[in-house]
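Coordinates in review
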Amino acid sequence: MYNILVPYDFNRQSDLALEQAVNLAKHTKGKIVLLYVNEMPGFLLSIFSDNQDEDMLEKINDSLDSVAARISLRTGIDVEVSMQRGRIYTTINRVAEEIKANYIVMGTRSSDGDDFEHKRMLGANTSRVIRSAPCPVITISGNSHFDGCRSILLPLDLTKETRQKVGWAIEIAKIYGSKIRAVSALWSMNDKEIIERLTKQMEQVKDHILAEGVSCEAEIIESPQGEKTHVPSILEYARSKEDVDLIVIMTQQEFSIVEYFVGSQAQEFIRSSEIPVVSIIPKEL
């Protein structure tokens, strides 16, 4: 039984995350756990009486039940409601552990906002969930998404940890019946040694994916010299293919610097991508 945890706070992003979780649950015949975390700061808590607090929580619980019932009625998926009190990110990860969640699906921010800077910002709670989650985290940043997954983008580099993404990409591709697009980026196509190493790795990865019965294409692309990272080029490549519905990344590139830290490149992917991103925490090799 697949368990899919959806942190939910009634805003647009959490609604989009819920729809993506429904999409995943349809293909896995899984269950969704809709989690609301009440994190009322102490100074606000003192303003409300116990009765007011209980009334507010009861209304929230009723609203959650309505959302769950509507989803279940429309899709036939089992949707369970959970209300918890505590720090948002620690509660999300604790509940994920308790229910043995296979995936957490959540928005990149915890509240709506129209200004550009707000939309480009990775929420603190999202970042903290990603860096210590017990399972892969699918983050939702765009305004609309394909109902399914036609292809998965798999960015690869020469670090040891990058290969750990391959198994997850294969698992997800089998769930959706999608293909994998493996891509590596470099700043200069004139570096023969790097190109040889990347080409060898890409061939090995492609052969492994094909052997698992999943369709795969592999490509090496060039990034503009002025770019600080390869992320913009990889995202532009994904957009140009017009069928990429999921990107699989590692939260860190090098394990030696990673514990409790989300790498800057991973943050850039999550923050900038309109396509849902699956974040995988690397295991020490």
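The structure reproduced in this document is the subject of the present report. (Residues numbered from 1 in each chain as written. Predicted model: local features only at pLDDT ≥ 70, side-chain atom pairs only at ≥ 80, totals over all residues. Heavy atoms only, no water.)

Structural notes on the overall build of the protein
The number of helices and strands found in the protein is ten helices and ten strands. Expressed as a percentage of its 285 residues, the buried residues of the protein come to 51%. Pairs at least 24 apart in sequence give 77% of the contacts found in the protein among residues at least 6 apart. (Helix = DSSP H or I, 4+ residues; strand = E, 2+ residues; numbered from the N terminus. Buried < 20%, exposed > 50% of the residue type's maximum accessible area, 1.4 Å probe, protein only. Contact = heavy atoms within 4.5 Å.)

Focus on helix α4 (residues 88-98)
Residues of α4 that are buried: Tyr89, Thr91, Ile92, Asn93, Val95 and Ala96. Considering only its buried residues, α4 is in contact with β1 (3-7), β2 (31-38), β3 (79-85), β4 (103-107) and α6 (124-132). Positioned one or two residues after α4, Lys100 has a phi angle of 55°, which is positive.

What to know about helix α1 (residues 12-28)
An ideal rise of 1.5 Å per residue puts 24 Å on 17 residues; α1 measures up with 24 Å between its terminal C-alpha atoms. Of all 17 residues that make up α1, twelve are buried, and the element is covered over most of its length. Taken together, the buried positions of α1 are Gln13, Ser14, Leu16, Ala17, Leu18, Gln20, Ala21, Val22, Asn23, Leu24, Ala25 and Thr28. The N-capping residue of α1, defined by a side-chain oxygen 3.0 Å from the backbone nitrogen of Gln13, is Asn11. Phi turns positive, to about 55°, at Lys29, one or two residues after α1. (Expected span 1.5 Å × (residues − 1). Polar contact = N/O pair within 3.5 Å; in protein donor to acceptor, adjacent residues only side chain to side chain.)

Digging into the packing of aromatic side chains
A complete count under the given rule lists four aromatic pairs for this structure. A centroid spacing of 6.2 Å and a plane angle of 15° characterise the contact between Tyr2 and Tyr103, whose relative ring orientation is stacked. Here the residue Tyr2 occupies a position in the segment before β1, and Tyr103 occupies one in strand β4, the gap between them amounting to 101 residues. The class for Tyr2 is buried, based on a relative accessible area of 19%. Judged by relative accessible area, which is 1%, Tyr103 ranks as buried. (Phe/Tyr/Trp six-rings, centres within 6.5 Å; stacked < 30°, edge-to-face > 60°.)

Focus: the packing of α4 against α6
Two packed helices can be described by the angle between their axes and the distance between those axes. Running from N to C, α4 and α6 cross one another at 35°; their axes reach a closest spacing of 8 Å. Crossing hand, α4 versus α6: right-handed. Here Ile88, Tyr89, Ile92 and Asn93 of α4 lie close against α6, whose contacting residues are Asn125, Arg128, Val129 and Ser132. Here the contact of α4 with α6 is composed, by residue class, of four nonpolar, three polar and one charged. (Axes fitted to C-alpha atoms, helices over the stretch in contact; angles between N-to-C directions. Left-handed = near helix turned anticlockwise from the far one by under 90°. Nonpolar A, V, L, I, M, F, W, Y, C, P; charged D, E, K, R; others polar.)

Re unusual backbone geometry
A positive phi angle is found at Lys29, which is not glycine, with a value near 55°. Within the chain, Lys100 stands out as a residue other than glycine whose phi angle is a positive 55°.

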